[in-house]
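Structural characterization, general
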Amino acid sequence: MSSPSKRREMDLMKLMMSDYKVEMINDGMQEFYVDFNGPSESPYQGGVWRIRVELPDAYPYKSPSIGFVNKIYHPNVDEMSGSVCLDVINQTWSPMFDLVNVFEVFLPQLLLYPNPSDPLNGEAAALMMRDRASYEQRVKEYCEKYAKPEDIGAATEDKSSDEELSEDESDSGDEQVAGKADP
């Protein structure tokens, strides 16, 4: 059996060679973005989401962490953080799956068959159970507002520049404190 790091490299290369746009976050192979299109014949059709993927050290024995960078209206996705309900992927994860499975099977299934009985977004779950047509209309509004193909790069740039800014602020704050002498 190959080591987890070799498997990580192999799965990442397989994903990069598929039709998905992959953008590395750091120098390592554990964090990256993947552009994901909403499944056809669903209210998510036409939407494009940037998905942040983090591979744990124990990958493929432990499932990847997946989050939507741009907003999506879905019962099993936290609207503010973009986190996907961990139970959904952890319950079905097996080392037999790879990263391509996540984007060709897991995420389309998640969007096509939401589970309102185990929500991260209670409002979306309640609307879906109460009024399916209004729920689907709200999904389409979010797609139009937050998931247009031309918005994909902007969502990542905004978040990464905020992260860089906060790192710079904390560094300069430390220098100021260290630079002052006690009276």
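Residues numbered from 1 in each chain as written. Predicted model: local features only at pLDDT ≥ 70, side-chain atom pairs only at ≥ 80, totals over all residues. Heavy atoms only, no water.

**What to know about the pairing of strand β2 (residues 31-37)**
When you tally the buried positions in β2, you get 5 out of 7 residues, the bulk of the element. Pairing of strand β1 (residues 22-24) with β2, which is carried by 3 bridges, proceeds in the antiparallel orientation. Note that in β2 the partner of V22 across the bridge is V34. The antiparallel pairing of β1 with β2 creates a hairpin that spans 6 residues between the two strands. (Buried < 20%, exposed > 50% of the residue type's maximum accessible area, 1.4 Å probe, protein only. Helix = DSSP H or I, 4+ residues; strand = E, 2+ residues; numbered from the N terminus. Pairing = 2+ DSSP bridges.)

**With respect to helix α4 (residues 122-130)**
For α4, the complete set of buried residues consists of A124, A125, L127 and M128. Down the axis of α4, the buried side of the element spans an arc of 165 degrees, and every buried residue falls inside it. Opposite its buried face, α4 presents the exposed residues M129 and R130, each directed more than 90 degrees away. Close packing links the buried residues of α4 with α5 (132-146). The N-cap of α4, judged by a side-chain oxygen 3.2 Å from the amide nitrogen of E123 a few residues on, is N121. (Arc of directions from axis to C-beta. Contact = heavy atoms within 4.5 Å. Polar contact = N/O pair within 3.5 Å; in protein donor to acceptor, adjacent residues only side chain to side chain.)

**Concerning the sheet that holds strand β3 (residues 48-54)**
With antiparallel pairing, the 4 strands of this open sheet are ordered in space as β1-β2-β3-β4. Edge positions in the sheet fall to β1 and β4 (65-68), since each of these pairs with one other strand and no more. With direction set aside, neighbouring strand axes in the sheet form an average angle of 25 degrees. Two elements, β3 and β4, share 4 bridges in a ladder whose sense is antiparallel. Bridged to E54 within β4 is S65. Strands in contact with helix α1 (residues 4-17) are β1 and β2; relative to β1, the strand with the most contacts, it is inclined by about 135 degrees. (Axes fitted to C-alpha atoms, helices over the stretch in contact; angles between N-to-C directions.)

**Digging into the UniProt feature "active site" (unreviewed entry) in the protein**
The positions UniProt marks with the feature "active site" (unreviewed entry) are C85. With respect to the helices and strands, C85 occurs in the loop between β4 and α2 (86-92). Residues within four places of C85 in sequence aside, it is in contact with N76, D118 and L120. (UniProt positions renumbered as here; feature names shortened; annotations may be inferred.)

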